[in-house]
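Residues per chain are reported as follows:
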Amino acid sequence: MEVYTTNGKETPEPVKAQITGSLPAWLQGTLLRNGPALFSVGTSEYNHWFDGMSLIHSFTFSNGEVHYRSKFLKSDTYKKNIKADRIVVSEFGTMIYPDPCKNIFSRTFSHLCNVIPDFTDNNLINIIRYGQDYYASSEINYINKIDPATLETVAKENYRNHIALNLATAHPHYDDEGNTYNMGTALMSFGLPKYVIFKVPADGSDKEKKKPALRKVQQIGSIPFRSTLCPSYYHSFGMTENYIVFVEQPFKLDIVKLATAYFRGVSWGSCLKLDKDDITLFHVVNKHTGKAVSTRFYGDALVVFHHVNAYEDDDHVVFDMITYEDSNLYEMFYLRNMRKEGDDFTESLSSFAPPVLQRFVLPLNVHKESPRGSNLVTLTDTTATAVMQEDGSVYCKPESLFTGLELPAINYKFNAKKYRYVYGSRVEYTPHPNQIAKFDVVSRKYSMWKQDNCFPSEPVFVASPGAEEEDDVSPFLLVLDAKTFDELARAEIPATVHLDLHGLFIPAAV
Ligand SMILES: [Fe+2]
């Protein structure tokens with residue numbers, strides 16, 4: 001799959017796309033995308049696709065025209081690697097020797113509680129907004145501010161200067177007022193280890209945009225680890241009108257292994273393990289008070305990266321996410337697997353558990369006298385169950401909605417609300433997307449767009465102004481009508497565009 005693993009190039013000056021079809025006149029703004037694109041420097045290579053150095057793309061839609069440009073994120077990691085003409089900074093799946101962070105790791109032997117791995121600032125996963133600031137983001141304490149107009153890397157920011165955490169997700173949520181909600185993990189050094197929920201207010205940026213909106217961050221609440229030395233890995237979370245939904249899955253980061261990985265000669269990625277015999281815990285935290293719902297909701301072991309949506313319905317919290325039976329997805333993205341072709345590639349896929357869109361329903365009206373052994377879900381449009389156990393905890397079984405969809409996107413105006421349509425990349429029998437799909441969670445029907453030798457990445461929904469129906473219109477670089485999935489227009493870019501991961505559409509100011 002060379003399309004993934006060859007090094008991408010940057011196109012620093014804007015190039016005009018050739019449009020066929022007709023772009024909607026209202027489609028004005030900039031689609032920013034992020035993803036790994038540089039997998040080797042000099043003669044040294046990364047081991048894993050998610051280690052590749054970030055390339056930021058922009059597609060600017062203006063008056064029926066599209067301009068494309070891309071620049072490598074000029075992170076400290078990028079600068080150090082390019083200067084040395086080899087990879088000198090460790091990534092999650094690639095440990096480099098000697099590493100400039102070695103001193104930090106050697107401290108761990110004398111006092112494990114001080115372990116704060118100083119990770120790379122190669123923020124390759126998504127574009128996120130805090131206030132009026134746009135950041136390239138991965139899942140660690142560093143984020144890099146970028147200028148969405150020029151794609152210049154403006155400033156490196158450290159969450160830790162504002163709030164005590166070591167890891168943070170690249171998939172925050174935004175409410176209707178423009179406030180940003182995110183979650184992070186505080187490991188050892190800040191008192192008891194915990195998952196932290198925080199909010200950055202929409203008006204956090206100063207007028208000159210010199211001070212980061214992050215300085216106004218507010219901690220909403222926290223959840224203690226169920227196992228002190230093995231916090232769960234999580235890539236995203238759910239948000240309803242009143243609650244944050246956090247899934248504490250048995251896919252865990254082993255802190256002791258993490259602290260000693262450098263000396264054991266293994267990557268940090270090898271410190272992630274799925275405990276298939278363990279359970280999954282579901283936490284529901286009121287985002288206004290920070291208080292967690294006291295009911296202990298749990299389910300069978302699962303692995304989740306992407307939540308799709310969550311909402312409240314008649315005293316229940318309903319949430320949909322893309323789940324796996326195992327953690328092989330991370331394994332699949334080792335470059336040695338991705339470079340396989342033909343039968344070798346097909347064979348390596350035999351261990352790939354498909355992604356399943358599942359709906360969980362948590363009843364909020366649970367009380368001490370609730371009947372044991374009975375299903376407390378009273379919604380009639382789902383087969384998901386939540387059964388009260390003898391000890392007062394509630395065992396939740398999901399309803400499986402669809403198999404083979406990843407990189408989910410929705411009309412974000414319906415985030416935290418009852419919704420109908422999921423857009424995503426179809427990943428049938430392969431972890432690599434080969435179709436764009438739209439799934440109707442009510443009718444269970446699905447439509448798709450595909451073209452031979454095309455590898456569409458995550459679709460991004462942009463609502464037309466005044467749109468009332470949920471599936472009014474959705475563009476992409478390929479612009480599809482979200483209702484019919486007909487092709488409206490495509491913008492052919494006269495430059496190379498490397499495959500990416502996630503992105504964010506910034507509407508033009510009106
Ligand atoms: Fe993601």
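Residues numbered from 1 in each chain as written. Predicted model: local features only at pLDDT ≥ 70, side-chain atom pairs only at ≥ 80, totals over all residues. Heavy atoms only, no water.

## Considering the sheet that holds strand E7 (residues 65-72)
Piece 1. Judged by pairing direction, the sheet is antiparallel, and its five strands sit side by side in the order E1-E7-E6-E3-E35 without closing on themselves. Both edges of this open sheet fall to strand E1 (11-16) and strand E35 (502-507), since each of them pairs with a single strand only. When the angles between neighbouring strand axes are averaged without regard to direction, this sheet yields 15 degrees.
Piece 2. Relative to strand E6 (residues 53-62), helix H2 (residues 76-84) is tilted by about 120 degrees, and along the sheet it contacts strand E3 (29-38), E6 and E7. (Pairing = 2+ DSSP bridges. Helix = DSSP H or I, 4+ residues; strand = E, 2+ residues; numbered from the N terminus. Axes fitted to C-alpha atoms, helices over the stretch in contact; angles between N-to-C directions. Contact = heavy atoms within 4.5 Å.)

## Things to note about the UniProt feature "binding site: Fe cation" (unreviewed entry) in the chain
Piece 1. The UniProt feature table records "binding site: Fe cation" (unreviewed entry) at His171, His235, His306 and His502. In sequence the annotated residues extend across 332 residues, while in space they remain close, none of their C-alpha pairs exceeding 12.6 Å.
Piece 2. Within the element layout of this structure, His171 appears in the loop between strand E12 (167-168) and strand E13 (173-174).
Piece 3. Contact partners of His171, with chain neighbours within four places excluded, come to Asn126, Asn182, His235, Ser236, Phe237, His306 and His502.
Piece 4. With respect to the helices and strands, His502 occurs in strand E35. (UniProt positions renumbered as here; feature names shortened; annotations may be inferred.)

## What about the sheet that holds strand E21 (residues 280-286)?
Piece 1. The six strands are arranged E17-E18-E21-E22-E27-E26 in an open sheet whose pairing can be described as mixed. Here the strands that pair on one side only, and so sit at the sheet edges, are strand E17 (238-239) and strand E26 (385-388).
Piece 2. Across two bridges, the pairing between strand E22 (residues 297-299) and strand E27 (residues 394-397) is parallel. Bridging from a neighbouring strand, Tyr298 pairs with Tyr395 of E27.

## As for the pairing of E21
Piece 1. Extensive coverage of E21 is indicated by the burial of seven of its seven residues.
Piece 2. The side-chain alternation of E21 yields two buried faces, one formed by Thr280, Phe282, Val284 and Asn286 and the other by Leu281, His283 and Val285.
Piece 3. One ladder, built from six bridges, connects strand E18 (residues 243-248) with E21; its direction is antiparallel. Bridging across to E21, Val245 finds its partner in Val284.
Piece 4. Note that E21 and E22 share three bridges and pair antiparallel. Looking across to E22, one finds that Thr280 is bridged to Gly299. (Buried < 20%, exposed > 50% of the residue type's maximum accessible area, 1.4 Å probe, protein only.)

## Some words on the pairing of strand E32 (residues 446-449)
Piece 1. Sheet topology places strand E31 (residues 435-440) next to E32; four bridges connect them, and they run antiparallel. Looking at E32, one finds that Ala437 is bridged to Met448.
Piece 2. Between E31 and E32, which pair antiparallel one after the other, the connecting turn spans five residues, and Arg444 there sits at a positive phi close to 65 degrees.

## Quick word on the coordination of the iron ion
Piece 1. At the metal site, the iron ion is ligated by His171 (NE2), His235 (NE2), His306 (NE2) and His502 (NE2), and these contacts range over 2.1 to 2.2 Å.
Piece 2. Expressed as a motif, the donor residue spacing for the iron ion is H-x63-H-x70-H-x195-H. Of the two residues, His171 is situated in the loop between E12 and E13 and His306 in strand E23 (residues 303-312); the sequence distance between them amounts to 135 residues.
Piece 3. His171 gets classed as buried once you look at its relative accessible area, which sits at 13%.
Piece 4. A relative accessible area of 8% means that His306 is categorised as buried. (Donors = N, O, S within 2.8 Å, 3.2 Å for Na, K, Ca; no water.)

## Points about the nonpolar core
Nonpolar side chains tend toward joint burial in soluble globular proteins.
Piece 1. Judged by nonpolar contacts, the single largest core of 80 residues is most densely connected at Phe282 and Phe319.
Piece 2. Apart from the residues lying within four places of it in its own chain, the contact partners of Phe282 are Phe246, Val247, Phe297, Tyr298, Gly299, Phe319, Met321, Phe360, Leu362 and Cys396.
Piece 3. Counting residues in each nonpolar core, the second largest holds 26 residues, with Leu32, Ile56, Ile127 and Val217 among its members. (Core = buried A, V, L, I, M, F, W, Y, C linked by side-chain atoms within 4.5 Å.)

## Overview of the packing of aromatic side chains
Piece 1. Overall, the coordinates contain 26 aromatic pairs when judged by the stated rule.
Piece 2. Pairing Phe39 with Trp49 gives two aromatic rings, centres 6.3 Å apart and planes at 15 degrees, and the pair type is stacked. With a gap of 10 residues between them, Phe39 in the loop between E3 and strand E4 (40-41) and Trp49 in the loop between strand E5 (44-45) and E6 connect regions that are remote in the sequence.
Piece 3. A residue is classified by how much of its surface remains accessible, and Phe39, at 1% relative accessible area, is buried.
Piece 4. Cluster of aromatic residues (ring-pair linked, three or more members): Phe39, Trp49, Phe50 and Phe333.
Piece 5. Over the ring of Tyr142 we find Lys156, and its NZ or CZ is 4.2 Å from the ring centre.
Piece 6. Above the plane of the ring of Tyr181 lies Lys287, whose end atom (NZ or CZ) is 5.0 Å from the centre. (Phe/Tyr/Trp six-rings, centres within 6.5 Å; stacked < 30°, edge-to-face > 60°. Lys NZ or Arg CZ within 6 Å of the ring centre and 35° of its normal.)

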